[in-house]
Amino acid sequence: MSQRYSKAEYESLNPLGRGVDNPEGGSRGLYQVCMVFQCKTSKRVKFEEQDNEYYTIRALKQPEPGDLATMQMWKQHRESILKGLQNCGLSLYCYYSRDRDQILVKIGASAQKLRDTAARKRYKLQLKKEYLSAYAEFRHDYPGRPEFRFNDRRIISHIYETHTEDSLDGSNIFKISDKIDLIHHIIQSKDKDCAGINPSRLLHQGELKAYFPIHDEAGIAKIKEFQWKWFWPDEEQANLLRDYFGDKIAFYFLWMAFYLKWLLPLAALGLLLQFIDWCARTPDNPTAIPFCVLMSVWCLALPHFWRRQEAKYAISWGSLDLVEQLEPHRPEHWGEQLINPVTSQVEPYYPLAKRRFKYLLSLAVMSIAGCFCVLCILILLCIRHNIKSEVHHHIVGFQIAIAAYVEISNAGLDVLARLLTDQENHRTQTEYEAAFLWKGAVLKYMNSFFALYYVAFFKEHQTLFSEPMECLRDQCLLDMQSQLGIFVLFRLLVSNVFEHYYPKVRLWFRTMYYDNMSLLSLSHGQTLELAEMSPAEQQAKKEKHRNFQQFDEMLLTHGFATLFAVTSPWVCTATLLAVIVEIWIDMKSLLDSRQRPFPERARNNEPWGVAFDVYGVLGAFTNVLLLIYTSTQYSGWSATEKMVFFVFLEHVIFGAKFMMTLVFPEVPQPVEVLALKQDNVVHRCLEGIKVESQMDFSLFRESRAQEEVQVFGHDLLEKEEGDLQLSLQDSGKSMYQGVIDEVGTLRVNIGMPVPVGTQ
């Protein structure tokens, strides 16, 4: 789009006449990113269409004056943005949507543009296997200077790994994710030869409808070929996920597969112990002690050994030494417009003093919300206790009601946590997600597990709203076992079904809203309607992928599996099934129901790793407390004996973790050695340093005139000189000796005899 055009003029031109490449030719793979602009306020209004039969049949109406001004303003902004993209050297291919109310712009970059940007950005690319597959910054070949007879030339283009064989323009050293990352940098950066456009701000302001990477048909087909590898990925599958979706999403699915492997032996053991519990008619039996200790150690060891696995993936992806960079501010961030001292760019500044007040406000609201959730659960428990004899299957029904309440209120707490985080006005997305994580984790922890904690430690022989409470069969562990089973089954069945169909339902309603279709016609003709859209337009209609929500759900599932596992060992097996279902749902959602996310580089899964660490500590404490204070095996012990035993078990568990960290460090030694070797190889490759296998003895073979090396009797350079002192006597003696020496030299020159005393 190199010039202004009307719709009629645009449609009359062939692709080559629009100043862009023909997508039906060999340049289809040139475009990696897509922008979607709104060009009309409604598909039923007329704006720059010609009067031909096609538009007459559609009976487009004239727009209102306000709508016409809005569409003209959109056109001016769109043309300025596209002109800026063209001026920085990007290739554009523009076309109208199915309903002619949007313009889709595919954006790509030539191989030379990618190489220049990578060299300017010092972008790291993978080297060949003979260079240990290390990652090194991209540099152009240096031809050398004529005055040095080109002896200072450096040819390093051969060291980079090539990922395709049919590319002759030099772009085969870039993976698809590298191209997307570099094009995204060209679009949003304000560096030289970049557009300086902020797509996030345009999306927030509504000027841009969608902004996403375009799916690569060959790449997505290769990922879908072996779907079972998502559950048990090998190195090839892990690299495919990383190269296509980026580090963060790859780390999530690798974590899920790692969690699945660790659950397998625990699930088998849980079934065996559950059979013993059924035979004993209670979970309060001698097998509870070893399983409690095992579960506590497992909770603490899981995040630690995952970090070891993360380090292995990070070294192979070149992100082990990833340095945190200054993030751009969020488009929602507001404040006084000041100059950033780091970037020298004007951006909103919000002082920390004001944010501290927001923190206090968030703490107060969270406290009130937590107390309200606890009160609601207590009311449900009290109602269950009062009418348990009047309702058929009263216990199961109220346990299902409590599980449903917990899931619904968790959704409400998630909205509350987001609102509180929004009003805190965090600058970067990382700060925002960290604050949102801890608010949601605290609120959901109180709401999800309070009922279980109450049954375990406070229900027996206590009163609730002046009503005496009692556990099932006077065994609180048995009562907890029933309620925990309902929680896990409810999440396994209801929550996963909701998660699977929620994006589809949202897509249906969005289509009904924009196309004014009835639900009946939509259910019969959705496939036909989508078939009329281009693949990029279909992807633009989908929701964005949010990795945050997947980790959030997995954290709660992990809590149900570990915090009270000593009461219900079979929960580990149910969690294993839940993880399998979660992987399948997330895989289908990512491939079919969501937009392709922009690849992001990451060293690990933080801050989720810390969250699982916290849950591990809570799980260790909770299981030991259940064993000692809730079990009837130690009911005859005094409070002091129970406390001593609790401290002893905790020391054993955390001592085991400490020994484990000493024997198995977070970064394995082979990874540290490989990192040092890769640094050495990268330094030698980039600087052109050759390793000589033997010493060069050519100095001894060649006959060259060289100065003879002189050997002194002692070190004259290091001789210490005393401090100089001013003395008239010494100065006079020195002057007298100098005169005598000068007179002796004069007599020798004229042939006179020299007195013996003067020599």
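The structure we're discussing is the one just above.
Computed from a predicted model, the values in this text were never measured in an experiment.

S.K.: What am I meant to see in the pairing of strand 1 (residues 31-38) here?
M.R.: Counting buried residues in strand 1 gives 8 out of 8 residues, a clear majority hidden from the surface. Two elements, strand 1 and strand 3 (residues 102-108), share 7 bridges in a ladder whose sense is antiparallel. Bridged to valine 33 within strand 3 is isoleucine 107.

S.K.: In this structure, what is going on with the sheet that holds strand 3? I would like to understand it.
M.R.: Either a parallel or an antiparallel arrangement is found when strands of a sheet pair, and the pairing is made through backbone hydrogen bonds. If you walk across this open sheet you meet the 4 strands as 2-3-1-6, and the pairing is antiparallel. The sheet is open, and its two edges are formed by strand 2 (91-96) and strand 6 (208-213), each paired on a single side. Looking at each pair of strands side by side, their axes are set apart by 20° on average, direction ignored. Taken strand by strand, helix 3 (residues 65-87) contacts strand 1, strand 2 and strand 3, and its axis lies near 165° from that of strand 1. Where helix 5 (residues 176-188) meets the sheet, its contacts fall on strand 1, strand 3 and strand 6, and the angle it forms with strand 1 comes to roughly 45°.

S.K.: How do you make sense of the nonpolar core when you look at a structure like this?
M.R.: As a rule of thumb, soluble globular proteins bury nonpolar side chains together. If you look at the biggest cluster of nonpolar residues, it comprises 108 residues, and the most contacted ones within it are Trp230, Phe245, Trp255, Tyr259, Phe449 and Phe564. Per-element accounting of this core gives the leading share, 15 residues, to helix 9 (residues 247-280). When sequence neighbours within four positions are dropped, the list of residues in contact with phenylalanine 245 reads Ile220, Ile223, Trp230, Leu590, Leu591, Pro597, Phe598, Pro599 and Glu600. Grouped together as the second largest cluster of nonpolar side chains are 42 residues, Ile107, Ala136, Ile156 and Ile180 included.

S.K.: Please clarify how the packing of aromatic side chains should be interpreted in this entry.
M.R.: Two aromatic rings, taken as a pair, are described by how far apart their centres are and by the angle between their planes. By the definition in use, this model includes 41 aromatic pairs. For the pair tyrosine 244 and phenylalanine 245, a centre-to-centre distance of 4.8 Å together with 80° between the ring planes defines the contact as edge-to-face. Phenylalanine 245 gets classed as buried once you look at its relative accessible area, which sits at 2%. Ring plane angle 45° and centroid distance 5.4 Å describe the contact between tyrosine 634 and phenylalanine 645, whose orientation is recorded as tilted. Of this pair, tyrosine 634 sits in the loop between helix 19 (608-630) and helix 20 (639-663) while phenylalanine 645 is found in helix 20, placing the two residues 11 residues apart along the sequence. For the pair tyrosine 634 and phenylalanine 645, one class covers both residues: buried.

S.K.: Any chance you could explain helix 7 (residues 217-225) here in plain terms?
M.R.: Along an α-helix, residues three or four positions apart point the same way, because every turn accommodates 3.6 residues. Looking at helix 7, one finds that the buried residues are Gly219, Ile220 and Ile223. Angularly, the buried residues of helix 7 cover 95° about the axis, an arc narrow enough to put them on a single face. With respect to the buried face of helix 7, the exposed residues turned more than 90 degrees away are Glu217, Ala218 and Glu225.

S.K.: When you look at unusual backbone geometry in this model, what are you seeing that I'm missing?
M.R.: Glycine aside, negative phi is the norm for most residues, and most peptide bonds take the trans geometry. The amide bond that connects glutamate 606 to the next residue, proline 607, takes the cis arrangement and shows omega of 10°. Relative to the elements of secondary structure, proline 607 occurs in the loop between helix 18 (571-593) and helix 19. Phi at asparagine 425 takes a positive value of approximately 60°, unusual for a residue other than glycine. Relative to the helices and strands, asparagine 425 is located in the loop between helix 12 (394-424) and helix 13 (429-457). Take asparagine 425: its relative accessible area is 1%, and that puts it in the buried class.

S.K.: Help me out: how do you make sense of a nonpolar patch on the surface in this one?
M.R.: Judged by side-chain polarity, Phe658, Met659, Leu662, Val663 and Phe664 come together as a nonpolar surface patch covering roughly 520 Å² of accessible area. Inspection of the secondary structure puts methionine 659 in helix 20.

S.K.: Whenever I open this one, the pattern of salt bridges confuses me. Can you help?
M.R.: Side chains that differ in charge, positive against negative, can pair when their charged atoms come close. Summed over the entire model, instances satisfying the criterion amount to 23 salt bridges. Between arginine 242 and aspartate 247 there is a salt bridge, and its shortest N-O distance comes to 2.7 Å. Across the pair, aspartate 247 and arginine 242 agree in class, each one buried. Note that lysine 444 and aspartate 552 form a salt bridge whose closest N and O atoms lie 2.4 Å from each other. Note that lysine 444 is positioned in helix 13 and aspartate 552 in helix 17 (residues 547-562), a separation of 108 residues in sequence.

S.K.: What is the right way to look at the pairing of strand 3 in this model?
M.R.: Both faces of the sheet carry side chains from a regular strand, because those side chains alternate between them. Within strand 3, 6 of the 7 residues are buried, leaving the element largely enclosed by the surrounding structure. For strand 2 and strand 3, the ladder comprises 6 bridges, and the chain directions are antiparallel. The partner of tyrosine 96 across the bridge, within strand 3, is isoleucine 103. Linking two consecutive strands that pair antiparallel, namely strand 2 and strand 3, is a turn of 5 residues; a positive phi of about 60° is found at arginine 100 within it.

Rules used throughout
- Position numbers for residues start from 1 in each chain and track the written sequence from start to end.
- Residue-level local features of this predicted model are given only where pLDDT is at least 70; pairs of side-chain atoms are given and counted only at 80 or more, and the full residue set underlies all totals for whole chains, interfaces and linings.
- To get the side-chain values, all heavy atoms of the structure are used, and hydrogens and water are removed first.
- Whether a residue is buried, partly exposed or exposed follows from its accessible area with a 1.4 Å probe, protein chains only, as a fraction of its type maximum: under 20%, in between, or over 50%, in that order.
- By the criteria applied, helices consist of DSSP H or I runs no shorter than four residues and strands consist of E runs no shorter than two, each listed in order from the N terminus.
- At least two bridges found by DSSP between two strands are what make those strands a pair.
- Fitted lines through C-alpha atoms serve as axes, helices being fitted only where they are in contact, and the angles separating the N-to-C directions of these axes extend from 0 to 180 degrees.
- A contact between two residues is defined here by any heavy atoms of the two lying within 4.5 Å.
- Throughout this description, the term nonpolar core refers to a set of buried Ala, Val, Leu, Ile, Met, Phe, Trp, Tyr and Cys residues connected via side-chain atoms within 4.5 Å.
- When two rings of Phe, Tyr or Trp (its six-membered ring) have centres within 6.5 Å they constitute a pair, described as stacked for plane angles under 30 degrees, edge-to-face for angles over 60, and tilted for the intermediate range.
- Directions from the helix axis toward the C-beta atoms define the arc.
- Like-charged residues are merged into a patch within 9 Å and nonpolar side chains (Val, Leu, Ile, Met, Phe, Trp, Tyr) within 5 Å, provided each residue has over 30% relative accessible area and no salt bridge.
- Residue burial considers only the protein chains on display, and all accessible areas are found by Shrake-Rupley using a 1.4 Å probe.
- A pairing counts as a salt bridge when a side-chain nitrogen of Lys or Arg comes within 4 Å of a carboxyl oxygen of Asp or Glu.

Everything listed here is a matter of geometry and, on its own, says nothing about what the molecule does.
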